[in-house]
Amino acid sequence: MEKQPLPADNEMTGAAASEVNIYAEEQSQEASPEPAARAGWNSKMEYFLAQVGFSVGLGNVWRFPYLCHQNGGGAFLLLYVLLMLIVGIPLFFLELAAGQAIRQGSIGVWKYISPKLAGIGYSSCVVCFFVALYYNVILAWSIFYLGNSFQFPLPWQDCPEQGNVTVQECKKSSATSYFWYRKALDITDSIDEMGSFNIYIVCCLLVAWTVVCLGMFKGIKTSVKVMYFSSIFPYVVLFCFLIRGLLLDGASEGITFMFYPRLEIWGDIQVWRQAATQVFFALGLGFGSIIAYSSYNPKNNNCHRDAFTVSFINFLTSVLATLVVFAVLGFRAKKNVTDCIESGNVDENLMPNFNHSNPSSMSVKDYRAWFQLHGNSTPAYLTDCDLEKEMQKGVEGTGLAFIAFTEAMTHLPGSPFWSALFFLMLLNLGLSTMFGTMEGILAPLTDRFKTLANNKTKFTIFSCIVGFVIGLLFTQRCGNYFVSMFDDYSATLPLIIVVVFETFSVSWLYGADRFLDDIEGMLGWRPSVVYKYLWKYICLLAMLGLLGATTIRMFIKRPTYMAWNQERASEETLDYPGWALAVLALLIIFAMLPVPLALIHAVLQGRTTQTSRELETVHYSVVNTDDKCETPMSDMSDLNHGNGYAEVKYSC
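Just so we're clear, the structure is a prediction, and the values are computed from it rather than from any experiment.

Peer 1: Looking at this structure, how should I read the overall build of the chain?
Peer 2: Assigned secondary structure in the chain consists of 26 helices and six strands. By residue count, 54% of the 652 residues in the chain fall in the buried class. Of all intrachain contacts in the chain linking residues separated by at least 6 positions in sequence, the fraction that spans at least 24 positions is 78%. Only carbon and sulfur atoms are counted for the fraction: they give 61% of the accessible area of the chain, which is about 28,500 Å².

Okay, structure coming up:
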């Protein structure tokens, strides 16, 4: 494969010439003027907020805390930092440098390195589209809860009654679970039961797509104005929740559960897989959004420093969110365990020291110590009242935000205020990520196709309309199951494969040394040679290992999902039916299909071009003359307009 250097300021290549501001291989730190056809950030702060806003999302608030708690607490944190340093930051730096150097979206970047690699960029666009479809549904749920937060008491604080009888589904579960599954989603018992559209969620989804469309209306010039609020506001809320949470009874127990180190988990390959996946998605690798945002930078921007800064802020945000989550969940768990002890009505003969006039005087530790000794001889209505089991209830994904956290807020004074603040924070976190995801779709396509570039506003509106129409799939009563399907499978494998191709293309096909040379010409100094070995070996092998572990796990263990059983009022694990597995396979295949198609297209096009050139070299005629003819000349009147060659004749 022919290798070419990254663009220089005095070179314009093909269709990208009008769009790309290419940099010179010089040591100067002075920026060259930006081309009029390419927008740029007004300031470094705008770019920084955009990158942080994209990488810091809902996963930092509800995915990272769950993984941290389930996989060894402090031990998982150490493992996460290790993988962030040797895999996450080097790959993040690679994408930043590629976008900033070539000044194109993901399609243009990989097509420039080699036309055979253009499919990588198209696959990134497809995956971004899949993610945008279900991600905006989560924003719609947040809007629904935000609208319901302006009530006192909160509508999920108490179980409703029909007549004078409490609704059984709520009584068997909890008020927050009932509101989530029955009022918000009106969910079916399985993915096989489609159900009708939920009109409230449909309206909220329309609002979510409208906000995204307005934010992306004029490209980064409008979206960045929204990001000033959407990127900063979540940190204000997190600090407010942290201060409030640390003052709650049970906060110390919750934080202890989070950070208690269990180093034995390092021997579990699944923990490594989960940590690597979290690093992978936390930084947004493979989406093309990092490349798109970086492509608007001046050529001498210090993208190396940006890679470390954004990654560090992302990690600190995850830790901050985890502290907040487990301080509040510790309070919730302590409240539930205390209620469990108080409702036990322990017989004085069984526990003489129990003060019936003040049940809360007995500590959870004392009660559990007594229960372990006398539990076998106690009545059936007495339970262990385990604080850790309470901590583990509903702390994953949507269950954390819409069940566990909402329940904790009902116990806080001024609960509507804290509820509105929390869901407004989720909405802003989701919006900043959605802007980056949409930029990962719009920027590469408008860079690649001139017609779309000339009608970018119309294309943005059209994309949002299509996203809303297809997103109606997730607003059915079974829509939550499709959200889980897309979240678990539509992005994971394709994105890992995309990053594998990216890393291999830069480090082996283009050459890691040459890429470092280009970065040196761009920044004026050469990054450490360590990156060469990280890209060529460590990162590539880590991605292949993650890909292999994820694929093997899918084949060994049949994909499952959590369903809500209305009769039992509890969650149950169900296997995906055959048709759903077919949909999963199609999602993965469709996301990866552009890679081989672009490769085949480039190969066929190359052969066609080569054959055409071979024909052109022999497409001329020679007129035999006598010996008096001496001077050859081209008769321009007989120019073959099909191939641009003139027939060579001899004049006598």
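Peer 1: What exactly am I supposed to notice about the state of the cysteines here?
Peer 2: Cysteine pairs can be linked by a disulfide, which is a covalent bond between their two sulfur atoms. Throughout the structure, instances matching the rule amount to one disulfide. Unpaired in this structure, Cys128 has its nearest cysteine sulfur neighbour in Cys125, at a distance of 6.6 Å. Take Cys213: it sits in no disulfide, and the sulfur closest to it among the cysteines is that of Cys464, at 4.1 Å.

Peer 1: Explain helix α22 (residues 479–490) here, please?
Peer 2: For an α-helix, the turn length of 3.6 residues means that residues three or four places apart are oriented alike. Between the first and last C-alpha of α22 there are 15 Å, a value that for twelve residues agrees with the 16 Å anticipated at 1.5 Å per step. With nine of twelve residues buried, α22 is to be regarded as a mostly interior element. Here α22 has its buried residues at Gly479, Asn480, Tyr481, Phe482, Val483, Met485, Phe486, Tyr489 and Ser490. Of the surrounding secondary structure, the elements contacted by the buried residues of α22 are α6 (118–148), α8 (175–184), α23 (492–523), α24 (530–556), β3 (560–565) and α25 (578–592).

Peer 1: Whenever I open this one, the UniProt feature "binding site: Na(+)" (unreviewed entry) in the chain confuses me. Can you help?
Peer 2: As annotated by UniProt and renumbered to match this structure, "binding site: Na(+)" (unreviewed entry) occupies Gly53, Val56, Asn60, Asn314 and Leu429. Across 377 residues in sequence, these annotated residues keep their C-alpha atoms within 12.4 Å of one another, forming a single compact spot. Residue position: Val56 is located in the loop between α1 (44–55) and α2 (58–62). In this structure Val56 comes out as buried when scored by relative accessible area, which is 3%. In this structure, Val56 is in contact with Tyr235, Asn314, Thr317, Leu429, Ser432 and Thr433, ignoring residues within four places of it in sequence. As for its position among the elements, Leu429 is in helix α19 (residues 415–448).

Peer 1: Help me out: how do you make sense of the packing of α23 against α25 in this one?
Peer 2: A pair of packed helices is captured by two measures, namely the crossing angle of their axes and the spacing between those axes. Closest axis-to-axis distance for the α23/α25 pair is 9 Å, and the angle between their directions is 25°. The orientation of α23 with respect to α25, classified from their angle, is roughly parallel. Note that α23 runs across α25; the crossing there is right-handed. Within the contact between the two elements, α23 uses Leu493, Pro494, Ile497 and Phe501 and α25 uses Ile588, Ala591 and Met592. Of the residues belonging to the contact of α23 with α25, the class tally is seven nonpolar, no polar and no charged.

Peer 1: Explanation requested: the environment of Ser177 in the structure shown.
Peer 2: Examined against the element boundaries, Ser177 turns out to sit in helix α8. Linking Ser177 and Ile403, residues 226 residues apart in sequence, is a C-alpha distance of 5.7 Å. Ignoring anything within four residues of it in the chain, the contact list for Ser177 reads Arg182, Ile403 and Trp564. Polar contacts involving the side chain of Ser177 include one to the side chain of Ser174, which spans 3.0 Å.

Peer 1: I tried to follow empty space enclosed by the protein on my own but got confused; where do I start?
Peer 2: Take a probe with the size of a water molecule and roll it over the atoms, and the empty space left behind shows itself. The full count for this structure, using the stated rule, is four cavities of 30 Å³ or more. Approximately 50 Å³ is the volume found for the largest cavity. In terms of lining residues, the largest cavity is bounded by Trp141, Leu185, Asn198, Ile201, Phe474, Thr475, Gln476, Arg477, Gly479 and Asn480. Each residue belonging to the lining of the largest cavity can be placed in one class, and the counts come to four nonpolar, five polar and one charged.

Peer 1: How do you make sense of α24 when you look at a structure like this?
Peer 2: Compared with an ideal rise of 1.5 Å per residue, which puts 27 residues at 39 Å, α24 spans 37 Å between its outermost C-alpha atoms and is within 8% of the ideal. At Cys539, α24 shows its strongest bend, of approximately 30°.

Peer 1: Help me understand the packing of α6 against helix α21 (residues 456–471), please; the structure alone is not making it clear to me.
Peer 2: Orientation of α6 relative to α21, taken along the N-to-C sense of each, is 65°, at an axis distance of 10 Å. Between α6 and α21, the angle falls in the class roughly perpendicular. Viewed along their axes, α6 and α21 form a crossing whose handedness is right-handed. In contact with Phe129, Leu133 and Val137 of α6, α21 contributes Val466, Gly467, Ile470 and Gly471. Broken down by class, the residue content of the contact of α6 with α21 amounts to five nonpolar, two polar and no charged.

Peer 1: Quick question: what am I supposed to make of the side chain of Thr460 here?
Peer 2: Here Thr460 shows up in helix α21. Apart from residues lying up to four places away in sequence, Thr460 is in contact with Met216 and Leu442.

Peer 1: Can you help me understand the packing of aromatic side chains in this one?
Peer 2: Aromatic rings in a pair are described by how distant their centres are and how their planes are angled relative to each other. Evaluation of the coordinates by the stated rule reveals 46 aromatic pairs. Ring geometry for Tyr80 and Phe315: centres 5.9 Å apart, planes at 20°, overall stacked. In this pair, Tyr80 is assigned in helix α4 (residues 74–102) and Phe315 in helix α15 (residues 303–342), connecting sequence segments 235 residues apart. Judged by its relative accessible area of 0%, Tyr80 falls in the buried class. Here Phe229 and Phe233 contribute two aromatic rings whose centre-to-centre distance is 5.0 Å and whose plane-to-plane angle is 20°, an arrangement assigned as stacked. When its relative accessible area of 46% is taken as the criterion, Phe229 is described as partly exposed. Given a relative accessible area of 14%, Phe233 falls into the buried group. Looking at Arg448, its charged tip hangs above the ring of Phe449, at a distance of 5.5 Å from the centre.

Peer 1: Even after reading the chapter, I still don't get the pattern of salt bridges, so can you show me in this structure?
Peer 2: For side chains bearing opposite charge, pairing can occur when the charged atoms are close. Tallying each qualifying case throughout the model produces eight salt bridges. We note a salt bridge from Arg182 to Asp186, for which the minimum N-O separation is 3.0 Å. Relative accessible area serves as the criterion here: at 11%, Arg182 is assigned to the buried category. Where Glu572 meets Arg568, a salt bridge forms, and the shortest distance between an N and an O atom there is 2.4 Å.

Peer 1: Any chance you could explain the pairing of strand β4 (residues 570–575) here in plain terms?
Peer 2: The sheet contact formed by β3 and β4 spans six bridges and is antiparallel. In the strand pairing of β4, Asn565 is matched with Ser570. Between β3 and β4, which pair antiparallel one after the other, the connecting turn spans four residues, and Ala569 there sits at a positive phi close to 55°.

Calculation notes
- Per chain, residue numbering runs from 1 following the sequence as it is written.
- In view of the model being predicted, local features appear only for residues whose pLDDT reaches at least 70, and side-chain atom pairs are presented and counted only at 80 or more, with totals across whole chains, interfaces and linings using the full set of residues.
- With hydrogens and water set aside, each side-chain value is computed from the structure's full complement of heavy atoms.
- Here a helix means four or more residues in a row that DSSP labels H or I, a strand means two or more in a row labelled E, and each is numbered from the N terminus.
- Exposure categories follow from relative accessible area, calculated using a 1.4 Å probe and restricted to protein chains: below 20% of the type maximum is buried, above 50% is exposed, and the middle band is partly exposed.
- Any pair of residues with heavy atoms lying within 4.5 Å of one another is described as a contacting pair.
- Each accessible area is a Shrake-Rupley estimate made with a 1.4 Å probe; only the visible protein chains count as cover when residues are assessed.
- Sulfur atoms of two cysteines make up a disulfide when they are within 2.5 Å.
- Here the expected length of a helix is defined as 1.5 Å per residue gap, with one fewer gap than residues.
- UniProt positions are given in the numbering used here, feature names are shortened, and annotations may be inferred rather than shown by experiment.
- Under this scheme, a helix contributes an axis fitted over its contacting stretch, all axes are lines through C-alpha atoms, and angles between N-to-C directions fall in the 0 to 180 degree range.
- For classification, angles of less than 35 degrees are called roughly parallel, those exceeding 145 degrees roughly antiparallel, those between 65 and 115 degrees roughly perpendicular, and all remaining angles oblique.
- Two helices crossing with the near one rotated counterclockwise from the far one by less than a right angle form a left-handed crossing, whereas a clockwise rotation gives a right-handed crossing.
- Polar here means any residue outside two lists: the nonpolar Ala, Val, Leu, Ile, Met, Phe, Trp, Tyr, Cys and Pro, and the charged Asp, Glu, Lys and Arg; Gly therefore counts as polar.
- Polar contacts, as counted here, are pairs of nitrogen or oxygen atoms within 3.5 Å of one another; within protein the pair requires one atom able to donate a hydrogen and one able to accept it, and residues that are adjacent in sequence qualify only if both atoms are side-chain atoms.
- Cavity and pocket criteria rest on a 1 Å grid covering protein atoms alone: a 1.4 Å probe that fits but cannot get out defines a cavity, protein on both sides within 12 Å along at least 5 of 7 lines defines an open pocket, and an atom within 4 Å of a point defines a lining residue.
- Grid points are joined across faces, edges and corners, and a volume is the space filled by probe spheres set on the points.
- One fitted axis covers the seven residues ending at a residue, a second covers the seven starting there, and the bend at that residue is the angle between these axes.
- Only rings of Phe, Tyr and Trp enter the pairing, Trp through its six-membered ring, and a pair is recorded when the two centres are within 6.5 Å. The plane angle decides the type: under 30 degrees is stacked, over 60 is edge-to-face, the rest tilted.
- Ring-over charges, as used throughout, are those where CZ of Arg or NZ of Lys falls within 6 Å of the ring centre and within 35 degrees of the ring normal.
- The salt bridge definition used is simple: a Lys or Arg side-chain nitrogen within 4 Å of an Asp or Glu carboxyl oxygen.
- Strands qualify as paired when DSSP identifies two bridges or more between them.

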